[in-house]
Amino acid sequence: MRPRLLLLATTLTVATACDKKESGSSALASRPNVLFQVFGPADDPRAMPLAFLDSAGPRAMDLAPAQWRQFDSLYARGGDSLTVYSQGKAVGSARVQRGMWEGGAPLYELAGCATPVPMASVRVAADAPVGSAVEFLASSGRLKEDTTIRARSLSINPAEVLVIARALALKEAQAAKIPTATLDSLDYRALAANTGSTEAPTIIASFVDPTGGDASGRDAVRHLFLVADYINGGWATTYRNVYASASRTDALRRYMDRLDLTGDGVMEIVLDEYSLGGGAHPLVLRWRGGKWEELWRGRSDWCVAK
């Protein structure tokens, strides 16, 4: 499968409009933990704040322009360090080289926007595979890691993961009236992730048209994104996003990472929600009642004040 990164569009996101608002002063007074995304060229990456974190998970960053400047001075001054994660584990750091408004001109500007969501220039040192571009989640404080997740009684090898994912995708394809031959023509990816949802790993799989990640490609594509868990002695789909013919405005899914964002010992799954017509934001799933449900999503509005 061809690798696909929605680095810039995914990262430049902030809070959902439906989250409970609180004043910027009170939000910053306790110096809460912050979730960031680190993205961009490996030789010049950026860090963008996504959400405050507390025991309920991600929450809105409803800050006024002056408060965003205060945030930048508290969390993103030269020499500050963020903890970088990959597959639920801390793998290194992102050291701030300069903040948004540190020094002269702002690090970046948006046309028609007086105050964009700030980002920082960082240098990444991570014990994880990195190509010409990087994409990591990071936090200002340490999160619980994979080592704290309860022990598994069932393990599966990569070959078994693909077999299980293909069997589940076939059922979903049949329900969506996607021909088996079409399913077999799709790019696919499947992995087993230790989330703590059950005593077995969670399987995450995606099947997409080869042009499905390109906004300049076809106007409609097939898309299957599945999450599965071992329940009552068998593998069952516990979250799905399936389109027999996704339009340019339909919300598609891509797996990004898993992190324990609530501190309860069960990891949340972080997705990239995007459309063929452009635009993307993070989407966080939590385990509840034997299935994965949406906990929080960011919004693709980079401008704090016009």
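Here, residues in each chain are numbered from 1, in the same order as that chain's written sequence. The predicted nature of this model means local features are confined to residues of pLDDT at least 70 and side-chain atom pairs, given and counted, to a pLDDT of 80 or more, with totals for whole chains, interfaces and linings taken over all residues. In computing side-chain values, all of the structure's heavy atoms are included and hydrogens and water are not.

Re the sheet that holds strand 16 (residues 291-297)
Just so we agree on the cut-off: Whether two strands pair comes down to DSSP finding at least two bridges between them. The way it works is that DSSP assigns letters per residue, a run of H or I at least four long becomes a helix, a run of E at least two long becomes a strand, and they are numbered from the N terminus. Orientation is described by lines fitted to C-alpha atoms, with helices fitted over the stretch in contact, and by angles between N-to-C directions that extend from 0 to 180 degrees.
On the basis of which strands lie adjacent, the open sheet formed by four strands has the order 13-14-15-16 and antiparallel pairing. Each edge of the sheet is formed by a strand with only one pairing partner; in this case those strands are strand 13 (252-259) and strand 16. If you compare each strand with its neighbour and ignore which way they point, the axes differ by 35 degrees on average.

Focus on the packing of aromatic side chains
Applied cut-off: Ring pairs are drawn from Phe, Tyr and Trp, using the six-membered ring of Trp, whenever the two centres fall within 6.5 Å, and their geometry is named by plane angle: stacked under 30 degrees, edge-to-face over 60, tilted for the rest. Under the scheme applied here, a residue whose accessible area is under 20% of the maximum for its type counts as buried, over 50% as exposed, and between as partly exposed, the area being computed with a 1.4 Å probe on protein chains only. A ring is scored as having a charge over it whenever the NZ atom of a lysine or the CZ atom of an arginine sits within 6 Å of its centre and within 35 degrees of its normal.
Tallied over the entire structure, the rule returns seven aromatic pairs. Measuring from ring centre to ring centre gives 5.2 Å for Tyr 230 and Trp 235, while their planes differ by 65 degrees; the resulting arrangement is edge-to-face. The class for Tyr 230 is partly exposed, based on a relative accessible area of 31%. One aromatic cluster in this structure is built from Phe 36, Trp 68, Phe 71 and Tyr 75. Geometry around Tyr 75 places Arg 31 over its ring, the cationic atom sitting 4.8 Å from the centre.

Concerning the state of the cysteines
Where we set the bar: Pairs of cysteine sulfur atoms within 2.5 Å are identified as disulfides in what follows.
Counted according to the given criterion, the structure contains one disulfide. Each sulfur of the disulfide joining Cys 113 and Cys 303 lies 2.2 Å from the other. Between Cys 113 and Cys 303, the S-S torsion sits near 105 degrees, and that sign places the bridge as right-handed. Here the residue Cys 113 occupies a position in the loop between strand 5 (89-98) and strand 6 (115-116), and Cys 303 occupies one in strand 17 (residues 303-305), the gap between them amounting to 190 residues.

A word on unusual backbone geometry
Located in the positive-phi region is Gln 87, a residue other than glycine, with phi close to 50 degrees. In this structure, Asn 232 takes a positive phi of about 55 degrees despite not being glycine. Structurally, the position occupied by Asn 232 is in the loop between strand 11 (221-231) and strand 12 (234-246). A relative accessible area of 82% places Asn 232 in the exposed class.

Re the pairing of strand 4 (residues 81-86)
Bridge analysis of strand 4 against strand 5 gives six bridges, and the strand direction is antiparallel. Of the residues in strand 5, the one forming a bridge with Ser 86 is Lys 89. Two successive antiparallel strands, strand 4 and strand 5, enclose a turn made up of two residues, where Gln 87 displays a positive phi of approximately 50 degrees. Where strand 4 meets strand 8 (residues 133-139), three bridges bridge the pair, whose relative direction is antiparallel. In the strand pairing of strand 8, Tyr 85 is matched with Leu 137.

Notes on the confidence of the model for the protein chain
What counts, and what does not: In predicted models, pLDDT denotes the confidence assigned by the predictor to each residue on a 0 to 100 scale. Two residues qualify as a contact provided that any one of their heavy atoms is within 4.5 Å of a heavy atom in the partner residue.
Here the protein chain shows a mean pLDDT of 87. Residues at 70 or above account for 86%. Note that residues 1-23 has pLDDT below 50 and, in this model, 79 contacts with residues that lie over four places away or in other chains.

A word on empty space enclosed by the protein
Threshold: Cavity means a closed set of points on a 1 Å grid over the protein atoms alone, one where a 1.4 Å probe fits but cannot get out, pocket means an open set with protein on both sides within 12 Å along at least 5 of 7 lines, and lining means a residue has an atom within 4 Å of a point. Grid points are joined across faces, edges and corners, and a volume is the space filled by probe spheres set on the points. Under the grouping applied here, Gly and all other residues not named as nonpolar or charged are polar, the nonpolar ones being Ala, Val, Leu, Ile, Met, Phe, Trp, Tyr, Cys and Pro and the charged ones Asp, Glu, Lys and Arg.
This model, assessed by the stated rule, comprises two cavities of 30 Å³ or more. The computed volume of the largest cavity comes to approximately 40 Å³. Around the largest cavity, the lining residues are Phe 36, Ala 47, Pro 49, Phe 71, Asp 72, Tyr 75, Ala 76, Val 96, Pro 118, Met 119 and Ala 120. Within the residue set of the lining of the largest cavity, elements represented by two or more residues are strand 2 (46-54) and helix 3 (65-75). Of all the elements, helix 3 adds the most residues to the lining of the largest cavity, at three residues. In this structure, the second largest cavity encloses a volume near 30 Å³. The set of elements that each furnish at least two residues to the lining of the second largest cavity consists of helix 4 (158-175), strand 10 (202-208) and strand 11. In terms of residue count, strand 11 provides more of the lining of the second largest cavity than any other element does, three residues in total. The residue inventory of the lining of the second largest cavity, partitioned by class, reads seven nonpolar, no polar and no charged.

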